[in-house]
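Here is how the chains run, residue by residue.
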Amino acid sequence: MVRENSIVVEKLVREFKKGPRAVDGIDLYVAPGEIYGFLGPNGAGKSTTVLMLTTLLPPTAGSARVGGYDVRTEGPKVRSVIGAALQEAALDPLLTGRDHLKLQAMLQAIPKAERRARQEELLERVGLTDAADRKVRGYSGGMKRRLDLALALVHRPSILFLDEPTTGLDPQSRTALWEEVGRLAREDGVTVFLTTQYLEEADVLADRVGIIDGGKIVAEGTPTALKDEIGRPSIHVMPCREEDRPRIADLMKGYGEPLGSDRDLAVRLHEGIGLVDVVRAMDAEGVVVDDIELRAPTLDDVFLAKTGRTLEGAAAGEDGASAR
Amino acid sequence: MSSPLLTQVGALAQRSIMRTARQPASAIPPLIFPVALLLMNSGGLRASTQLPGFPTDSFVAFALAVPFIQGALFSTMNAGTDLARDIQTGFFSRLSLTPVRGSALLAGQITGIVVLGVLQAVFYIAVGLLLGVRFESGVAGVAVLLVYAALIAAGFGALGSFLALRTGSGESIQSLFPALFVFLFISSMNTPRNLIAVPWFHFLASINPVSYLIECVRSLIITGWDAEALALGFSIAIALVVVSVSAATWALSRRMERT
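Predicted model only: the values in this text are computed from it and were never measured.

A. How the structure looks around the overall build of chain A. If you tally the helices and strands in chain A, you get 13 helices and 14 strands. In terms of its C-alpha atoms, chain A occupies a principal-axis envelope of roughly 80 × 45 × 45 Å. Taking contacts inside chain A between residues at least 6 apart in sequence as the whole, the part at least 24 apart equals 69%.

B. View of the pairing of strand E8 (residues 191-196) of chain A. Residue and element names in this part refer to chain A. Most of E8 is tucked away, with 6 of its 6 residues classed as buried. Neither face of E8 is open: one carries Thr191, Phe193 and Thr195, the other Val192, Leu194 and Thr196, and all of them are buried. In this sheet, E8 lies alongside strand E3 (residues 35-39) in parallel orientation, the contact comprising 5 bridges. Within E8, the residue paired with Leu39 across the bridge is Thr196. As defined by bridge partners, strand E7 (residues 159-163) adjoins E8 across 5 bridges and the pair is classed as parallel. Counted as the bridge partner of Phe161 is Phe193 from E8. As for the winding sense of the linkage, the β-α-β connection from E7 through helix H6 (residues 171-188) to E8 is right-handed.

C. Examining helix H3 (residues 29-44) of chain B more closely. All names here are of chain B. Across its 16 residues, H3 extends 22 Å between first and last C-alpha, which sits within 8% of the 22 Å expected from 1.5 Å per residue. Along H3, the residues that are buried comprise Pro30, Pro34 and Leu38. Axial view of H3: buried residues confined to an arc of 50°, hence all on one face. Of the exposed residues in H3, the ones pointing more than 90 degrees away from its buried face are Ile32, Ala36, Met40, Gly43 and Gly44. Tucked inside the fold, the buried residues of H3 contact helix H4 (59-63), helix H5 (65-89) and helix H7 (102-130).

D. Local environment of the sheet that holds strand E12 (residues 256-259) of chain A. Residues and elements named next belong to chain A. Strand order in the open sheet made by the 4 strands is E12-E13-E11-E14, with antiparallel pairing throughout. The strands lining the two open edges of the sheet, one partner per strand, are E12 and strand E14 (289-295). Looking at each pair of strands side by side, their axes are set apart by 25° on average, direction ignored. Sheet topology note: the E12/strand E13 (residues 265-269) ladder contains 4 bridges and is antiparallel. Residue Pro258 lies in a different strand from E13, and its bridge partner there is Val267. Contacts from helix H9 (residues 245-253) reach strand E11 (234-239), E12 and E13 within the one sheet, and its direction differs from that of E13 by about 0°.

E. Seen up close, the interface of chain A and chain B. Each side of the interface is counted separately: chain A has 25 residues, and chain B has 24 residues. Mapped by element, the contributors of at least two residues to the side of chain A that touches chain B are helix H2 (75-81) and helix H3 (97-107) of chain A. Among the residues forming the side of chain A that touches chain B, the class breakdown is 15 nonpolar, 6 polar and 4 charged.

F. Local environment of the environment of B:Ala231. All names here are of chain B. With respect to the element layout, Ala231 can be found in helix H12 (residues 227-255). Take Ala231: there are 12 C-beta atoms within 10 Å of it, and that puts it in the exposed class. Through-space distance from the C-alpha of Ala231 to that of Ala47 is 30 Å; in sequence the pair is 184 residues apart.

G. Layout of the sheet that holds strand E4 (residues 61-66) of chain A. All names here are of chain A. Taken together, 4 strands build an open sheet; the order of strands is E2-E1-E4-E5 and the sheet is antiparallel. Strands with a single pairing partner mark the edges of an open sheet, and in this sheet they are strand E2 (21-30) and strand E5 (69-70). Summarising the sheet, strand E1 (residues 7-15) and E2 pair through 7 bridges and their orientation is antiparallel. By the bridge assignment, Val8 is partnered in E2 with Tyr29.

H. Expanded view of the domain arrangement of chain A. Residue and element names in this part refer to chain A. Its domain assignment divides chain A into domain 1 (7-227) and domain 2 (231-322). Taking the mean C-alpha position of each, domain 1 and domain 2 sit 35 Å from one another. Among the elements of the structure, helix H7 (199-205), strand E9 (208-213), strand E10 (216-221) and helix H8 (223-230) are those that each provide at least two residues to the side of domain 1 that touches domain 2. Looking at side-chain class alone, the side of domain 1 that touches domain 2 contains 10 nonpolar, 3 polar and 3 charged residues.

I. Representation of the nonpolar core in the model. In terms of nonpolar packing, the biggest core is built from 149 residues, with A:Leu147, A:Val192 and A:Phe193 touching the most fellow members. Sort the elements by how many residues they give to this core and helix H8 (residues 138-167) of chain B lands first, with 14 residues. Formed jointly, this core draws a minimum of three residues from each of two domains, domain 1 (7-227) and domain 2 (231-322) of chain A. Ignoring anything within four residues of it in the chain, the contact list for A:Phe193 reads A:Ile7, A:Val30, A:Tyr36, A:Phe38, A:Leu53, A:Ile159 and A:Phe161. With 9 residues, the next largest nonpolar core counts A:Ile235, A:Val237, A:Leu265 and A:Ala266 among its residues.

What counts as what
- Residues numbered from 1 in each chain as written.
- Chains lettered and ligands numbered in written order.
- Predicted model: local features only at pLDDT ≥ 70, side-chain atom pairs only at ≥ 80, totals over all residues.
- Helix = DSSP H or I, 4+ residues; strand = E, 2+ residues; numbered from the N terminus.
- Contact = placed C-beta atoms within 7 Å.
- Buried ≥ 20, exposed ≤ 12 C-beta atoms within 10 Å, placed from the backbone.
- Pairing = 2+ DSSP bridges.
- Right-handed = clockwise from strand over helix to strand, strands pointing away.
- Expected span 1.5 Å × (residues − 1).
- Arc of directions from axis to C-beta.
- Axes fitted to C-alpha atoms, helices over the stretch in contact; angles between N-to-C directions.
- Nonpolar A, V, L, I, M, F, W, Y, C, P; charged D, E, K, R; others polar.
- Domains from an automatic or database assignment.
- Core = buried A, V, L, I, M, F, W, Y, C linked by C-beta atoms within 7 Å.

Shown next, in the form of structure tokens:
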């Protein structure tokens, strides 16, 4: 039997009274057991999409089915099959980790006989057994995020929404969370819908990536396919002297299409052109550079190709929008 | 499958009590400040009992009614700021993602406030007994007083929840708190209404429902069984519960947009 897609979204729209369309007619499909990375800068519409898919915000138009249930008309059924860790770990600083799990288990109607075992199992799974009886206000950011994940798993959901789960975490905590999320999908068959503004996170973790900008999905596919779409590598040059910048830019135009990078001079190389050709040309012109780098396409290049901006630049420019 | 309503209410009430118990800064002021004010007023206004027509010769017994209402006002602030914090931190969204019913969310919060309100009342009664106050309505009167304390804690707690759900901001609740206290100060808290000589103050104290809430408690302490005071006090307390709970339920439906 073919199982229904875990998440099916068609022409989904969310408008706010005093603002632009936060989500502007997106379509997406997530298969069971898949990790779907939803990548975009702040204010792109990622969190609004998650709020609609988790039934916390009614869509303005379009449709969305999660686990086979309509998010508009079957909210309680949707909530029964999903777990969610929303932006910022929503925890009570005065409760302990164990208190949180107990409360969540009671509200999720876990039978009394199973509650304690489930709590212990989850505490162990996220590595918080030793800290279980400490108040959450003493937890580090990584510990809070792990508890947040454990709370989302209490009722064994088949679909998990993680809204920027590693924002603000140190690299070690980030890697630990990635491993746990990967394990959930691989070993338990949980479908994961993960929003992120980290390219590396989407690249490492996601089976498929949707790139959202200005409320619209601008690209979608596996990270490899998206990068292959861009195909050719780019060359990035940091001039030694600022006054050489226009001359180098002119020279580089002969070897590829200029890329709108703020910090360095960059071109996407024409077919058949290599790093050595550019270096020779610069040498012949007597140009001195601080740094020259050949880069394979990244998801940031995909974002740049689709939107004309880098993801990092877009994030900086849209901080205001994220406060909406 | 969703858990039974009572389990949900119990879990949320337990959390509400646990939060307060773990925040001395929230748990202690409702106990200490009203009693400190009671002791200060009793010392400074003792001479009032010499006024002709003053209903008792113990000012402590007369003023002991006030902490019950002050404590309930603290409940308003605590309930409001706790819920507002839940909204601000996203904990409210976490609860919204569980099968918890809106009614359980509100009832759990209010039940927690009621339990704390009754414990506060027990503390004020104990302080009164230690200060030599004799409860004219006897043990049955004390029991009625505890029921009444539960009722006003529910009313003021629901009011705090309403404010939190509307504003979503703990700071807004705290800024409203002094405004609620104004009602207390323009009531009959320090002088029986029939002895207030200033006409405008007498008028305001007479139309202020807080006067009747205080006089209900006061009647159980110094008079015994005063049907009129009890009827007025309980009617206002019940009306407060009905209006506040209805308002909070409406505000919850607006705040909780889940489908």
